[in-house]
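Observations on the three-dimensional arrangement
Each chain, letter by letter, is given below.
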Amino acid sequence: MDPGQVDEFVMGYLKKKGFNSAAKHLQESLHNNNGSTFSSNDYHNDPELNKLIRSFSQSENDPSRYREGYSKLRSWGYNSLDLYKHELVRVMYPVFIHCYMDLVGKGHTQEARSFFNSFRKDHEMVHLRDLQKLGGVLAPSHLQEMEFARSLRQSKVNIKICQYSYDLLIQYLHRTESTLMLGIINEHINFQVYSGQPNSASDDTEAVTIVGSFHETADHVNQKEIHWGLLEDSLEDRLEKTGGLLSDSEKGQGESKAGDMDDSKKRSAEIGKQGSSIKKLKKDKAGTATAKVARQETSTVLSSMPRVKPELAMPVMSADVEESILEDLRNRVQLSSIAMPSVSFYTFVNTHNGLNSSSISHDGSLVAGGFSDSSIKVWDMAKIGQAGSCGLQDENNQTVGLNGRRNYTLLVGHSGPVYSATFSPPGDYVLSSSADTTIRLWSTKLNANLVCYKGHNHTVWDAQFSPFGHYFASCSHDRTARIWSMDRMQPLRMMAGHLSDVDCVQWHPNCNYIATGSSDKTVRLWDVQTGECVRIFIGHRSMVLSLAMSPDGRYMASGDEDGTIMMWDLSTARCITPLMGHNSCVWTLSYSGEGSLLASGSADCTVKLWDVSSSTKLTKAEEKNGNSNRLRSLRTFPTKSTPVHALRFSRRNLLFAAGAISKPSS
């Protein structure tokens, strides 16, 4: 290369890689030297530097260098010592995708496809969905037109790696003169180097994270103010003011005051039983004292929560429904790590893999299932097992009673598979969503379809009633979520911003916000009044399938396809702690009534209970240091062979679960 070409190449390289300041200084220096190559002699006098520049210039036009460089890096990484291999292999995926996109961007389409197909199997286990999207990038224009590809090009990957692993990688790149791989790594990867031995592969769930323009957007969105408190004059407030929040033992004690004197005389007369009676009395008093402490803590927490006004016009609650809810709250069982709930599991049989979703009413009296044949079936638990209602199979494998009638209500109206069926808070309506792009409202009293809501452009994956009924939210394959009211045919609000399917939706307890989980691996929080995104939660490594809000409205749990559950603080958008334990999709999550326990249901055929009260009580030092791994799994309930589709804590804190039994593959 002659001196002029060297200067021209260096200038072009600096501008291309974004080193604008260095390019400017070089241009000024050349200008000050009247355009002469002030340092050309230095280039030629330094053989190593000249060799480096030649290799850069060759790599610009030789597509085979990508395959050669990546193949060598891959072989070196997978043949490293086991102690460091898992950290070094983390580098492979970002290098792989950017090698592919560089080849596409330079017009080497055939070489890009060959490279992609040769090495994609290395990454399919963890990144299958991303690879399926990336496989659609076939031309340079796609890198700008496709949101997924554009976000990858504009972002960087943060990788945590120990000092020794980092040194090994740098030594390899310099020793083998892998300048192309070094350039890709410098441009697209930020290393967070820590001292000491490498962490195990499963210890750090945030070892690889994506930052960049999208991350900056999320940081900006997360600065917005949100009001996560409970609604003013809620039923809990009224119950607390009237002193109705009493334990069962307290109520029993109050009801028996009139007979205390007589009971005391009888016990004194029965001398032989006196000792045991005194012990029992002491035990009862101790239990009452414990219940009082638990109730006082709950009362204190409730009273300390901020109060907000509703942004939507709240529906008027009937006196009967209000009294029923108050009665349930009065009789609520206090749960904790030492007082766990009873679990009632409803198992669907003979579904022939046709059950897509299930739901349980708030009191557990009704169970609904959405099926692939476009039907919805609703079971009344009070009628199951009654005389004349025992289950038999007819010629179509339908469950019928001894009197020849079905023991469920069949709702027909959709023209595609039903992906969600949800009860309204009082249980008088069922809301269903389907692949036919519609949402339907059904009456459980009339057993009829009342309204068909149309607005989404593709499959509607989920639809959920608000905590007070009347309003509901839906989410779809069209990448949007929408807010509806029962009395209007068109949506009130549309929330757009996700980069892929919106798979699940959940209301905030104060009804001012909804949360959405997406296949783009993020969770978003939206203001229902403005339709604006006010929080973006980044951390999941696979599609988000389930969401749950804590009763006080401060925390949120999200479950993903890999089996990871993440606990979020809504005010800061920070992950409190990831919950590791499931080994398959987390399909459903539910908080207990007082918010001390979280239940999770998974495709791995288990229900798990987590102690979330301790994890959310962090000291200032822990919040500052980010050390919050205090949440623990309390208990695992395995099923025989039933993936868990739905969970519901009743208002009295009984845990209901539902799923379809699956025959193990032989």
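Located above this text is the structure these notes cover.
Below is a short write-up of the structure. All figures in this text were calculated on a predicted structure; none of them were measured in a lab. (Residues numbered from 1 in each chain as written. Predicted model: local features only at pLDDT ≥ 70, side-chain atom pairs only at ≥ 80, totals over all residues. Heavy atoms only, no water.)

1. Considerations on the sheet that holds strand β33 (residues 646–649)
Strand order in the open sheet formed by three strands is β6-β34-β33, with mixed pairing between adjacent strands. Two strands lie at the open edges of the sheet, namely β6 (343–348) and β33, each paired on one side alone. In this sheet, neighbouring strand axes are inclined to one another by 15° on average, regardless of whether the strands run parallel or antiparallel. Note that β6 and strand β34 (residues 655–660) share six bridges and pair parallel. Bridging from a neighbouring strand, V343 pairs with L655 of β34. (Pairing = 2+ DSSP bridges. Helix = DSSP H or I, 4+ residues; strand = E, 2+ residues; numbered from the N terminus. Axes fitted to C-alpha atoms, helices over the stretch in contact; angles between N-to-C directions.)

2. Some points on the pairing of strand β8 (residues 366–371)
Across the six residues that make up β8, a large majority, six, are buried. Two strands pair when backbone bridges link them, and strand β7 (residues 355–360) and β8 are joined in this way by five bridges, in the antiparallel orientation. Within β8, the residue paired with S357 across the bridge is G370. Taking the residues that link successive antiparallel strands as the turn, the β7-β8 hairpin has five residues, and the phi of G364 there is positive, at about 80°. Relative to strand β9 (residues 375–380), β8 runs antiparallel, the two being bridged by five bridges. Residue pairing for β9: G370 is matched across the bridge by I376. Counted between consecutive antiparallel strands, the loop separating β8 from β9 contains three residues, among which S374 sits at a positive phi close to 80°. (Buried < 20%, exposed > 50% of the residue type's maximum accessible area, 1.4 Å probe, protein only.)

3. Points about the sheet that holds strand β28 (residues 574–579)
With antiparallel pairing, the four strands of this open sheet are ordered in space as β25-β26-β27-β28. Lying at the two open borders of the sheet, with one neighbouring strand each, are β25 (544–549) and β28. When the angles between neighbouring strand axes are averaged without regard to direction, this sheet yields 25°. In terms of strand pairing, strand β27 (residues 565–569) meets β28 through five bridges, oriented antiparallel. Bridged to M566 within β28 is P578.

4. Let's talk about unusual backbone geometry
With phi around 55°, E177 is a residue other than glycine that occupies positive phi space. Summarising the element assignment, E177 is placed in the loop between α12 (163–175) and α13 (179–188). Given a relative accessible area of 41%, E177 falls into the partly exposed group. Unlike most non-glycine residues, C511 shows phi in positive territory, near 65°. Residue placement: C511 occurs in the loop between β21 (502–507) and β22 (513–518). Here C511 falls in the buried class, since its relative accessible area comes to 1%.

5. Looking at the pairing of β27
Counting buried residues along β27, five of its five residues qualify, which places the element largely inside the surrounding structure. In terms of strand pairing, strand β26 (residues 555–560) meets β27 through five bridges, oriented antiparallel. When the sheet's bridge partners are listed, M556 is paired in β27 with W568. The antiparallel hairpin formed by β26 and β27 contains four residues in its connecting segment, where G563 sits at a positive phi of about 100°. Remark: four residues form the turn of the hairpin made by β27 and β28, two consecutive strands paired antiparallel; A573 in that turn has positive phi of roughly 65°.

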